[in-house]
Amino acid sequence: MTTPDQTRSKARKLHLGLFHQPIGRHPAAWRRDTAQGHPEDVDWAIRIVRKAEEGLFDMFFVADNLAGPEPGAQGKAGGLEPLTLLAALATVTSKIGLVGTISTSFSEPYNIARQLASLDHISRGRAGWNVVTTQSDRAAENFSLAALPDHAARYDRAGEFVRVARGLWDTWASDALVMDARSGVFLDTDRVRLLEHKGEHFSVRGPLNISRPPQGNPIIVQAGSSRDGIGLAAAEADLAFTAQDTIEDSLAYRAALTEAATAAGRQAATIPILPGVMPIVGRTDREAREKFAALQEHTDIAAGIRQLSGRWGYDLSRLPLDGPVPEPGERVHGESRVRLLLNKARTENYTLRELAALAIASHGHRIVIGSAETIADDFQTWFEQGAADGFNLIPASMPDGLDDFVDLVVPVLQDRGLFRREYEELTLRERFGLPIRRLASFAGSGN
(Lines give C-alpha, C1' and ligand atoms only; values in the text may rest on other atoms or scores of the structure.)
Protein backbone atom coordinates (compact mmCIF):
# COMPACT_ATOMS: atom_id res chain seq x y z
CA MET A 1 0.00 0.00 0.00
CA THR A 2 1.31 3.45 -0.94
CA THR A 3 1.49 5.90 1.94
CA PRO A 4 0.56 9.61 1.57
CA ASP A 5 4.25 10.51 2.01
CA GLN A 6 5.22 8.11 -0.81
CA THR A 7 2.50 9.53 -3.04
CA ARG A 8 3.75 13.05 -2.44
CA SER A 9 7.36 12.00 -3.07
CA LYS A 10 6.41 10.57 -6.49
CA ALA A 11 4.28 13.56 -7.48
CA ARG A 12 5.42 16.00 -10.12
CA LYS A 13 8.07 18.33 -8.73
CA LEU A 14 9.33 21.79 -9.61
CA HIS A 15 12.55 22.10 -11.55
CA LEU A 16 15.00 24.82 -10.53
CA GLY A 17 17.91 26.19 -12.48
CA LEU A 18 20.44 28.76 -11.32
CA PHE A 19 21.25 31.38 -13.94
CA HIS A 20 24.87 32.08 -13.00
CA GLN A 21 25.27 35.72 -11.94
CA PRO A 22 28.60 35.80 -10.07
CA ILE A 23 28.09 39.36 -8.75
CA GLY A 24 24.31 39.52 -9.15
CA ARG A 25 22.10 40.54 -12.06
CA HIS A 26 21.13 43.93 -10.66
CA PRO A 27 23.66 46.49 -11.92
CA ALA A 28 23.99 48.11 -8.49
CA ALA A 29 24.44 44.86 -6.55
CA TRP A 30 28.24 44.77 -6.72
CA ARG A 31 28.49 48.23 -5.11
CA ARG A 32 26.92 47.20 -1.78
CA ASP A 33 29.09 46.92 1.33
CA THR A 34 28.02 43.28 1.68
CA ALA A 35 28.70 42.36 -1.95
CA GLN A 36 31.12 39.56 -2.73
CA GLY A 37 32.44 37.80 -5.78
CA HIS A 38 34.26 38.36 -9.03
CA PRO A 39 33.12 37.38 -12.55
CA GLU A 40 36.44 35.75 -13.42
CA ASP A 41 37.28 33.99 -10.13
CA VAL A 42 36.84 30.24 -10.50
CA ASP A 43 36.96 29.74 -6.72
CA TRP A 44 33.94 32.04 -6.41
CA ALA A 45 32.12 30.09 -9.12
CA ILE A 46 32.88 26.89 -7.19
CA ARG A 47 31.38 28.43 -4.05
CA ILE A 48 28.22 29.33 -6.00
CA VAL A 49 27.75 26.00 -7.76
CA ARG A 50 28.27 24.09 -4.52
CA LYS A 51 25.59 26.20 -2.82
CA ALA A 52 23.23 25.50 -5.72
CA GLU A 53 23.98 21.79 -5.43
CA GLU A 54 23.35 22.01 -1.69
CA GLY A 55 19.96 23.49 -2.63
CA LEU A 56 19.34 20.49 -4.95
CA PHE A 57 19.01 22.64 -8.07
CA ASP A 58 18.51 20.76 -11.33
CA MET A 59 21.08 22.76 -13.23
CA PHE A 60 23.69 25.52 -13.20
CA PHE A 61 23.10 27.68 -16.27
CA VAL A 62 25.81 29.91 -17.81
CA ALA A 63 24.98 32.63 -20.34
CA ASP A 64 27.43 34.15 -22.80
CA ASN A 65 28.13 37.40 -24.64
CA LEU A 66 30.30 37.51 -27.75
CA ALA A 67 30.74 41.30 -27.78
CA GLY A 68 33.08 43.18 -25.47
CA PRO A 69 32.29 46.48 -23.74
CA GLU A 70 32.06 49.64 -25.80
CA PRO A 71 34.85 52.13 -25.05
CA GLY A 72 33.49 54.95 -22.91
CA ALA A 73 30.24 53.17 -22.06
CA GLN A 74 29.24 52.18 -18.53
CA GLY A 75 28.14 48.68 -17.65
CA LYS A 76 29.31 45.33 -16.34
CA ALA A 77 31.59 43.17 -18.44
CA GLY A 78 33.83 40.18 -18.01
CA GLY A 79 33.10 36.54 -17.49
CA LEU A 80 34.64 33.15 -18.12
CA GLU A 81 33.89 31.22 -21.31
CA PRO A 82 30.99 28.86 -20.48
CA LEU A 83 32.32 25.43 -21.44
CA THR A 84 35.75 26.12 -19.93
CA LEU A 85 34.10 27.14 -16.66
CA LEU A 86 31.67 24.21 -16.65
CA ALA A 87 34.47 21.70 -17.21
CA ALA A 88 36.20 23.05 -14.10
CA LEU A 89 32.94 22.93 -12.10
CA ALA A 90 32.26 19.36 -13.23
CA THR A 91 35.25 18.19 -11.19
CA VAL A 92 34.00 19.73 -7.92
CA THR A 93 30.32 18.72 -8.19
CA SER A 94 28.61 15.37 -8.63
CA LYS A 95 24.86 15.93 -9.12
CA ILE A 96 23.92 19.33 -10.51
CA GLY A 97 23.46 19.73 -14.27
CA LEU A 98 25.88 22.00 -16.16
CA VAL A 99 24.37 23.98 -19.04
CA GLY A 100 26.38 26.35 -21.23
CA THR A 101 25.28 28.88 -23.82
CA ILE A 102 26.79 28.51 -27.30
CA SER A 103 25.82 30.53 -30.36
CA THR A 104 25.13 28.67 -33.58
CA SER A 105 25.87 31.83 -35.57
CA PHE A 106 29.65 31.79 -35.11
CA SER A 107 30.56 28.16 -34.44
CA GLU A 108 30.81 24.88 -36.32
CA PRO A 109 28.79 21.79 -35.34
CA TYR A 110 31.79 19.44 -35.24
CA ASN A 111 33.70 21.53 -32.69
CA ILE A 112 30.65 22.12 -30.51
CA ALA A 113 29.53 18.48 -30.61
CA ARG A 114 33.05 17.46 -29.56
CA GLN A 115 33.22 20.00 -26.73
CA LEU A 116 29.81 19.07 -25.35
CA ALA A 117 30.56 15.36 -25.59
CA SER A 118 33.75 16.03 -23.65
CA LEU A 119 31.84 17.95 -20.97
CA ASP A 120 29.28 15.15 -20.74
CA HIS A 121 32.06 12.60 -20.20
CA ILE A 122 33.85 14.79 -17.65
CA SER A 123 30.61 15.39 -15.71
CA ARG A 124 29.38 11.80 -16.16
CA GLY A 125 26.18 12.77 -17.89
CA ARG A 126 25.32 16.25 -16.63
CA ALA A 127 25.97 18.44 -19.69
CA GLY A 128 23.48 20.69 -21.47
CA TRP A 129 23.59 23.22 -24.31
CA ASN A 130 21.61 26.46 -24.35
CA VAL A 131 21.23 27.10 -28.09
CA VAL A 132 21.21 30.77 -29.10
CA THR A 133 21.57 32.58 -32.41
CA THR A 134 23.03 35.90 -31.10
CA GLN A 135 21.20 39.24 -31.42
CA SER A 136 24.01 41.77 -31.73
CA ASP A 137 25.62 43.12 -34.89
CA ARG A 138 28.55 44.07 -32.64
CA ALA A 139 29.12 40.36 -32.05
CA ALA A 140 28.96 39.69 -35.79
CA GLU A 141 31.73 42.23 -36.32
CA ASN A 142 34.00 40.07 -34.15
CA PHE A 143 33.54 37.18 -36.57
CA SER A 144 34.32 38.87 -39.89
CA LEU A 145 30.70 39.87 -40.60
CA ALA A 146 29.38 43.39 -41.08
CA ALA A 147 26.00 42.44 -39.59
CA LEU A 148 23.99 39.44 -38.53
CA PRO A 149 21.89 37.55 -41.06
CA ASP A 150 18.17 38.17 -40.63
CA HIS A 151 16.23 36.53 -37.82
CA ALA A 152 14.71 33.68 -39.84
CA ALA A 153 18.04 32.82 -41.50
CA ARG A 154 19.79 32.62 -38.13
CA TYR A 155 17.18 30.21 -36.81
CA ASP A 156 17.27 28.12 -39.97
CA ARG A 157 21.02 27.72 -39.50
CA ALA A 158 20.49 26.94 -35.81
CA GLY A 159 18.07 24.13 -36.56
CA GLU A 160 20.45 22.46 -38.97
CA PHE A 161 23.35 23.06 -36.55
CA VAL A 162 21.58 21.17 -33.76
CA ARG A 163 20.58 18.33 -36.07
CA VAL A 164 24.18 17.93 -37.21
CA ALA A 165 25.44 17.91 -33.61
CA ARG A 166 22.88 15.25 -32.69
CA GLY A 167 23.91 13.27 -35.75
CA LEU A 168 27.56 13.43 -34.72
CA TRP A 169 26.79 12.23 -31.19
CA ASP A 170 24.95 9.34 -32.83
CA THR A 171 27.90 8.30 -35.00
CA TRP A 172 29.13 6.13 -32.13
CA ALA A 173 27.28 3.31 -30.43
CA SER A 174 27.71 3.51 -26.68
CA ASP A 175 29.69 0.25 -26.59
CA ALA A 176 32.02 1.04 -29.52
CA LEU A 177 35.04 1.87 -27.32
CA VAL A 178 35.86 -1.70 -26.29
CA MET A 179 39.43 -1.46 -24.90
CA ASP A 180 39.65 -5.24 -24.49
CA ALA A 181 43.29 -5.93 -23.62
CA ARG A 182 42.91 -9.70 -23.95
CA SER A 183 41.56 -9.63 -27.52
CA GLY A 184 43.54 -6.58 -28.53
CA VAL A 185 40.42 -4.80 -29.72
CA PHE A 186 40.57 -1.14 -28.76
CA LEU A 187 37.67 0.13 -30.88
CA ASP A 188 34.91 -1.83 -32.61
CA THR A 189 34.78 0.07 -35.89
CA ASP A 190 31.55 -1.72 -36.83
CA ARG A 191 29.96 0.32 -34.05
CA VAL A 192 31.06 3.66 -35.56
CA ARG A 193 29.59 5.19 -38.70
CA LEU A 194 29.99 8.20 -40.97
CA LEU A 195 27.49 11.05 -40.81
CA GLU A 196 27.79 12.26 -44.41
CA HIS A 197 25.64 15.34 -43.81
CA LYS A 198 25.23 17.77 -46.70
CA GLY A 199 22.79 20.57 -46.01
CA GLU A 200 22.14 24.20 -46.76
CA HIS A 201 24.57 25.51 -44.15
CA PHE A 202 26.91 22.62 -43.30
CA SER A 203 28.75 19.73 -44.90
CA VAL A 204 30.07 17.33 -42.26
CA ARG A 205 31.52 13.89 -42.97
CA GLY A 206 31.96 12.57 -39.43
CA PRO A 207 32.25 10.50 -37.38
CA LEU A 208 32.94 12.44 -34.19
CA ASN A 209 36.41 11.94 -32.73
CA ILE A 210 35.15 11.19 -29.22
CA SER A 211 32.87 8.39 -28.10
CA ARG A 212 29.13 8.69 -27.54
CA PRO A 213 28.26 10.94 -24.55
CA PRO A 214 26.96 9.21 -21.39
CA GLN A 215 23.54 10.84 -21.95
CA GLY A 216 23.50 9.80 -25.60
CA ASN A 217 22.79 13.46 -26.37
CA PRO A 218 23.43 16.30 -23.87
CA ILE A 219 20.14 18.11 -23.24
CA ILE A 220 19.25 20.95 -25.59
CA VAL A 221 17.84 24.16 -24.07
CA GLN A 222 16.25 26.85 -26.21
CA ALA A 223 15.79 30.38 -24.89
CA GLY A 224 13.47 32.55 -26.94
CA SER A 225 9.78 33.24 -27.40
CA SER A 226 9.70 34.66 -30.91
CA ARG A 227 7.93 32.68 -33.63
CA ASP A 228 11.26 31.37 -34.89
CA GLY A 229 12.44 30.63 -31.35
CA ILE A 230 9.29 28.65 -30.59
CA GLY A 231 9.75 26.77 -33.85
CA LEU A 232 13.30 25.80 -32.91
CA ALA A 233 12.26 24.76 -29.41
CA ALA A 234 9.36 22.71 -30.77
CA ALA A 235 11.56 20.88 -33.26
CA GLU A 236 14.79 20.41 -31.34
CA ALA A 237 14.77 21.43 -27.66
CA ASP A 238 14.51 19.23 -24.59
CA LEU A 239 13.84 22.23 -22.35
CA ALA A 240 12.51 25.77 -22.93
CA PHE A 241 13.86 28.77 -21.00
CA THR A 242 11.49 31.71 -21.46
CA ALA A 243 10.84 35.28 -20.33
CA GLN A 244 7.17 35.56 -19.36
CA ASP A 245 5.74 38.20 -17.03
CA THR A 246 2.24 36.81 -16.38
CA ILE A 247 0.60 33.42 -16.05
CA GLU A 248 -1.58 34.25 -19.05
CA ASP A 249 1.47 35.02 -21.20
CA SER A 250 3.19 31.82 -20.10
CA LEU A 251 0.09 29.73 -20.84
CA ALA A 252 -0.08 31.36 -24.27
CA TYR A 253 3.58 30.47 -24.82
CA ARG A 254 2.90 26.86 -23.80
CA ALA A 255 -0.06 26.71 -26.20
CA ALA A 256 2.09 28.05 -29.04
CA LEU A 257 4.87 25.57 -28.21
CA THR A 258 2.36 22.71 -28.06
CA GLU A 259 0.95 23.62 -31.46
CA ALA A 260 4.41 23.91 -33.01
CA ALA A 261 5.64 20.68 -31.40
CA THR A 262 2.61 18.79 -32.65
CA ALA A 263 3.25 20.12 -36.16
CA ALA A 264 6.87 18.92 -35.81
CA GLY A 265 5.70 15.46 -34.80
CA ARG A 266 6.66 15.77 -31.14
CA GLN A 267 4.80 15.56 -27.86
CA ALA A 268 4.93 19.04 -26.36
CA ALA A 269 4.34 17.64 -22.87
CA THR A 270 7.90 16.32 -22.98
CA ILE A 271 9.33 19.87 -23.23
CA PRO A 272 9.51 21.41 -19.72
CA ILE A 273 9.10 25.19 -19.55
CA LEU A 274 11.25 27.19 -17.11
CA PRO A 275 10.58 30.96 -17.13
CA GLY A 276 13.34 33.17 -15.82
CA VAL A 277 12.59 34.91 -12.53
CA MET A 278 14.49 37.23 -10.20
CA PRO A 279 13.44 36.49 -6.59
CA ILE A 280 14.14 39.15 -3.96
CA VAL A 281 13.89 37.17 -0.73
CA GLY A 282 13.47 38.66 2.75
CA ARG A 283 12.55 37.23 6.11
CA THR A 284 9.40 39.31 5.74
CA ASP A 285 7.68 40.90 2.76
CA ARG A 286 8.67 44.31 4.07
CA GLU A 287 12.34 43.37 4.36
CA ALA A 288 12.29 42.08 0.77
CA ARG A 289 10.72 45.30 -0.52
CA GLU A 290 13.31 47.35 1.35
CA LYS A 291 16.10 45.22 -0.09
CA PHE A 292 14.89 45.83 -3.64
CA ALA A 293 14.33 49.55 -3.03
CA ALA A 294 17.91 49.87 -1.79
CA LEU A 295 19.17 48.32 -5.02
CA GLN A 296 16.99 50.55 -7.15
CA GLU A 297 18.30 53.72 -5.43
CA HIS A 298 21.57 53.23 -7.31
CA THR A 299 20.02 52.36 -10.66
CA ASP A 300 21.76 53.93 -13.64
CA ILE A 301 18.82 55.14 -15.72
CA ALA A 302 21.13 56.07 -18.59
CA ALA A 303 22.31 52.46 -18.73
CA GLY A 304 18.70 51.34 -18.78
CA ILE A 305 17.98 53.66 -21.69
CA ARG A 306 20.98 52.26 -23.54
CA GLN A 307 19.71 48.74 -22.99
CA LEU A 308 16.22 49.67 -24.21
CA SER A 309 17.70 51.50 -27.20
CA GLY A 310 19.56 48.35 -28.18
CA ARG A 311 16.38 46.31 -27.95
CA TRP A 312 14.09 48.92 -29.56
CA GLY A 313 16.45 49.33 -32.52
CA TYR A 314 17.03 53.10 -32.25
CA ASP A 315 18.33 55.75 -29.82
CA LEU A 316 15.82 56.56 -27.05
CA SER A 317 18.12 58.94 -25.15
CA ARG A 318 16.65 62.09 -26.74
CA LEU A 319 13.10 61.25 -25.67
CA PRO A 320 11.64 62.67 -22.41
CA LEU A 321 12.28 60.27 -19.55
CA ASP A 322 8.93 61.01 -17.94
CA GLY A 323 7.05 60.64 -21.20
CA PRO A 324 5.39 57.49 -22.58
CA VAL A 325 7.30 54.46 -23.80
CA PRO A 326 7.57 54.67 -27.61
CA GLU A 327 6.89 51.92 -30.11
CA PRO A 328 9.90 49.80 -31.16
CA GLY A 329 11.64 50.31 -34.48
CA GLU A 330 11.58 47.98 -37.44
CA ARG A 331 14.75 46.10 -36.45
CA VAL A 332 14.33 45.07 -32.82
CA HIS A 333 16.84 42.90 -30.95
CA GLY A 334 15.16 40.20 -28.89
CA GLU A 335 11.63 40.27 -30.25
CA SER A 336 10.04 38.33 -27.37
CA ARG A 337 11.78 40.41 -24.67
CA VAL A 338 10.75 43.67 -26.37
CA ARG A 339 7.15 42.47 -26.51
CA LEU A 340 7.23 41.53 -22.82
CA LEU A 341 8.62 44.93 -21.78
CA LEU A 342 6.26 46.87 -24.03
CA ASN A 343 3.21 44.96 -22.79
CA LYS A 344 4.18 45.67 -19.19
CA ALA A 345 4.70 49.36 -19.96
CA ARG A 346 1.30 49.61 -21.61
CA THR A 347 -0.52 47.57 -18.94
CA GLU A 348 0.97 49.46 -15.99
CA ASN A 349 1.28 52.85 -17.69
CA TYR A 350 5.05 53.07 -17.22
CA THR A 351 7.04 56.11 -18.23
CA LEU A 352 10.24 55.62 -20.17
CA ARG A 353 12.22 56.23 -16.96
CA GLU A 354 10.26 53.57 -15.06
CA LEU A 355 10.67 51.01 -17.82
CA ALA A 356 14.41 51.74 -18.01
CA ALA A 357 14.72 51.16 -14.25
CA LEU A 358 12.87 47.86 -14.53
CA ALA A 359 14.76 46.71 -17.61
CA ILE A 360 18.18 47.38 -16.16
CA ALA A 361 17.23 45.55 -12.95
CA SER A 362 16.03 42.32 -14.50
CA HIS A 363 16.82 42.47 -18.23
CA GLY A 364 13.16 41.82 -18.90
CA HIS A 365 12.61 38.85 -16.61
CA ARG A 366 9.92 38.74 -13.93
CA ILE A 367 10.78 40.04 -10.45
CA VAL A 368 9.14 38.43 -7.40
CA ILE A 369 9.60 40.24 -4.09
CA GLY A 370 8.68 38.84 -0.67
CA SER A 371 9.25 36.42 2.16
CA ALA A 372 10.01 32.75 1.59
CA GLU A 373 6.31 31.98 1.91
CA THR A 374 5.37 34.69 -0.58
CA ILE A 375 7.92 33.44 -3.10
CA ALA A 376 6.76 29.84 -2.59
CA ASP A 377 3.11 30.91 -3.04
CA ASP A 378 3.98 32.56 -6.34
CA PHE A 379 5.94 29.56 -7.62
CA GLN A 380 3.22 27.14 -6.53
CA THR A 381 0.52 29.14 -8.31
CA TRP A 382 2.46 29.23 -11.59
CA PHE A 383 3.31 25.53 -11.26
CA GLU A 384 -0.19 24.31 -10.42
CA GLN A 385 -1.81 26.41 -13.14
CA GLY A 386 0.49 24.87 -15.74
CA ALA A 387 2.30 28.11 -16.53
CA ALA A 388 5.70 26.70 -15.54
CA ASP A 389 7.38 23.36 -14.87
CA GLY A 390 9.94 25.22 -12.80
CA PHE A 391 12.03 28.37 -12.88
CA ASN A 392 15.48 29.53 -13.88
CA LEU A 393 16.51 31.73 -10.94
CA ILE A 394 18.42 34.94 -11.64
CA PRO A 395 19.86 36.31 -8.37
CA ALA A 396 19.70 40.09 -8.10
CA SER A 397 22.64 40.22 -5.69
CA MET A 398 25.31 37.84 -4.45
CA PRO A 399 25.82 35.87 -2.36
CA ASP A 400 22.56 36.62 -0.51
CA GLY A 401 20.43 36.24 -3.64
CA LEU A 402 21.32 32.55 -3.78
CA ASP A 403 21.93 31.86 -0.10
CA ASP A 404 18.56 33.28 1.00
CA PHE A 405 16.71 31.26 -1.62
CA VAL A 406 18.45 27.99 -0.69
CA ASP A 407 18.22 28.54 3.07
CA LEU A 408 14.73 30.07 3.25
CA VAL A 409 12.65 29.25 0.17
CA VAL A 410 13.77 25.70 -0.68
CA PRO A 411 12.64 24.30 2.73
CA VAL A 412 9.19 25.83 2.23
CA LEU A 413 8.89 24.28 -1.23
CA GLN A 414 10.01 20.94 0.20
CA ASP A 415 7.50 21.09 3.05
CA ARG A 416 4.74 21.66 0.49
CA GLY A 417 5.85 18.60 -1.48
CA LEU A 418 6.81 20.74 -4.47
CA PHE A 419 10.56 20.14 -4.51
CA ARG A 420 12.91 17.20 -4.01
CA ARG A 421 14.65 16.40 -0.74
CA GLU A 422 17.51 14.56 -2.44
CA TYR A 423 18.93 13.92 -5.86
CA GLU A 424 17.71 10.60 -7.23
CA GLU A 425 18.72 10.64 -10.90
CA LEU A 426 22.29 10.26 -12.15
CA THR A 427 22.08 12.22 -15.41
CA LEU A 428 20.54 15.56 -16.33
CA ARG A 429 18.34 13.89 -18.97
CA GLU A 430 16.90 11.57 -16.36
CA ARG A 431 16.23 14.47 -14.02
CA PHE A 432 13.99 16.08 -16.64
CA GLY A 433 12.35 12.78 -17.51
CA LEU A 434 14.03 12.62 -20.92
CA PRO A 435 14.92 9.20 -22.36
CA ILE A 436 18.35 8.39 -23.73
CA ARG A 437 17.80 7.85 -27.44
CA ARG A 438 18.68 4.39 -28.70
CA LEU A 439 20.34 3.91 -32.08
CA ALA A 440 18.39 1.33 -34.05
CA SER A 441 20.74 1.59 -37.03
CA PHE A 442 23.54 -0.17 -35.13
CA ALA A 443 23.22 -3.94 -34.88
CA GLY A 444 23.09 -5.54 -31.47
CA SER A 445 22.48 -4.05 -28.05
CA GLY A 446 24.14 -1.37 -25.98
CA ASN A 447 23.23 1.63 -28.11
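You'll find the structure just up there.
Just so it is clear, the model here is predicted, and its values are computed rather than measured.

Draft legend 1. Geometry of the pattern of salt bridges. A complete count under the given rule lists 25 salt bridges for this structure. Linking D389 and R254 is a salt bridge whose minimum nitrogen-to-oxygen distance equals 2.9 Å. Note that D389 is positioned in the loop between α13 (372–384) and β13 (390–393) and R254 in helix α8 (residues 247–263), a separation of 135 residues in sequence. In this structure D389 comes out as buried when scored by relative accessible area, which is 12%.

Draft legend 2. Inspection of helix α10 (residues 301–312) at higher detail. Counted at 1.5 Å a residue, the expected span for α10 with its 12 residues is 16 Å, and the 16 Å between its end C-alpha atoms agrees. Among the 12 residues in α10, nine count as buried, and that is most of the element. Turning to α10, its buried residues are I301, A303, G304, I305, Q307, L308, S309, R311 and W312. Directly after α10, the chain includes G313, whose backbone phi takes a positive value near 90°.

Draft legend 3. Looking closely at the nonpolar core. Counting 70 residues, the largest nonpolar core has F57, F60, W129, F379, F405 and L413 as its most contacted members. At eight residues, the largest contribution of residues to this core is made by helix α6 (residues 151–169). Contacts of F60, omitting those with residues within four sequence positions, involve L18, H20, I48, V49, L86, L89, I96, G97, L98 and V99. Counting 17 residues, the second largest nonpolar core, distinct from the first, contains I301, L316, L341 and A345.

Draft legend 4. Quick peek at the packing of aromatic side chains. Scanning the model with the defined rule gives 10 aromatic pairs in all. Pairing F161 with F202 gives two aromatic rings, centres 5.4 Å apart and planes at 90°, and the pair type is edge-to-face. Of this pair, F161 sits in helix α6 while F202 sits in the loop between β7 (197–198) and β8 (203–204), and the two are 41 residues apart along the sequence. The class for F202 is buried, based on a relative accessible area of 4%. These aromatic residues form a ring-pair network of at least three members: F57, F379, W382, F391 and F405.

Draft legend 5. Looking closely at helix α3 (residues 82–90). Among all positions in α3, only P82, L83, L85, L86, L89 and A90 are buried. When α3 is viewed along its axis, its buried side chains cluster within an angular range of 155° and face the same direction. Residues of α3 that are buried make contact with α2 (42–54), β2 (59–62), β3 (97–103) and α4 (109–123). Of the residues flanking the start of α3, the one acting as N-cap is E81, its side-chain oxygen 3.1 Å from the backbone nitrogen of L83.

Draft legend 6. Region of the structure containing a nonpolar patch on the surface. The grouping of L177, M179, F186 and L187 at the surface amounts to a nonpolar patch, some 380 Å² of accessible area in total. Judged by its relative accessible area of 52%, F186 falls in the exposed class.

Draft legend 7. Representation of the packing of α6 against helix α7 (residues 227–236) within the structure. Direction vectors running N to C along α6 and α7 enclose 15°, while the axes themselves pass 10 Å from each other. Considering the angle they form, α6 stands roughly parallel to α7. The hand of the α6/α7 crossing is right-handed. Taken together, the residues of α7 that come into contact with α6 (itself represented by H151, A152, Y155, A158, G159, V162, R163 and R166) are D228, G229, L232 and E236. The residue makeup of the contact of α6 with α7, split by class, is five nonpolar, three polar and four charged.

Draft legend 8. Just the packing of α2 against α3, in detail. Contact pair α2 / α3: the axes reach a minimum separation of 10 Å and the direction vectors enclose 60°. Comparing their axes, α3 and α2 come out oblique. Handedness of the crossing formed by α2 with α3: right-handed. Taken together, the residues of α3 that come into contact with α2 (itself represented by V42, A45, I46 and V49) are L85, A88 and L89. Tallied by class, the residues present in the contact of α2 with α3 amount to seven nonpolar, no polar and no charged.

Scoring rules and cut-offs
Residues numbered from 1 in each chain as written. Predicted model: local features only at pLDDT ≥ 70, side-chain atom pairs only at ≥ 80, totals over all residues. Heavy atoms only, no water. Salt bridge = Lys/Arg side-chain N within 4 Å of Asp/Glu carboxyl O. Helix = DSSP H or I, 4+ residues; strand = E, 2+ residues; numbered from the N terminus. Buried < 20%, exposed > 50% of the residue type's maximum accessible area, 1.4 Å probe, protein only. Expected span 1.5 Å × (residues − 1). Core = buried A, V, L, I, M, F, W, Y, C linked by side-chain atoms within 4.5 Å. Contact = heavy atoms within 4.5 Å. Phe/Tyr/Trp six-rings, centres within 6.5 Å; stacked < 30°, edge-to-face > 60°. Arc of directions from axis to C-beta. Polar contact = N/O pair within 3.5 Å; in protein donor to acceptor, adjacent residues only side chain to side chain. Patch = residues over 30% accessible without salt bridge, like charges linked within 9 Å, V, L, I, M, F, W, Y side chains within 5 Å. Areas by Shrake-Rupley, 256 points an atom, 1.4 Å probe, with all protein chains shown as cover. Axes fitted to C-alpha atoms, helices over the stretch in contact; angles between N-to-C directions. Parallel < 35°, antiparallel > 145°, perpendicular 65-115°, else oblique. Left-handed = near helix turned anticlockwise from the far one by under 90°. Nonpolar A, V, L, I, M, F, W, Y, C, P; charged D, E, K, R; others polar.

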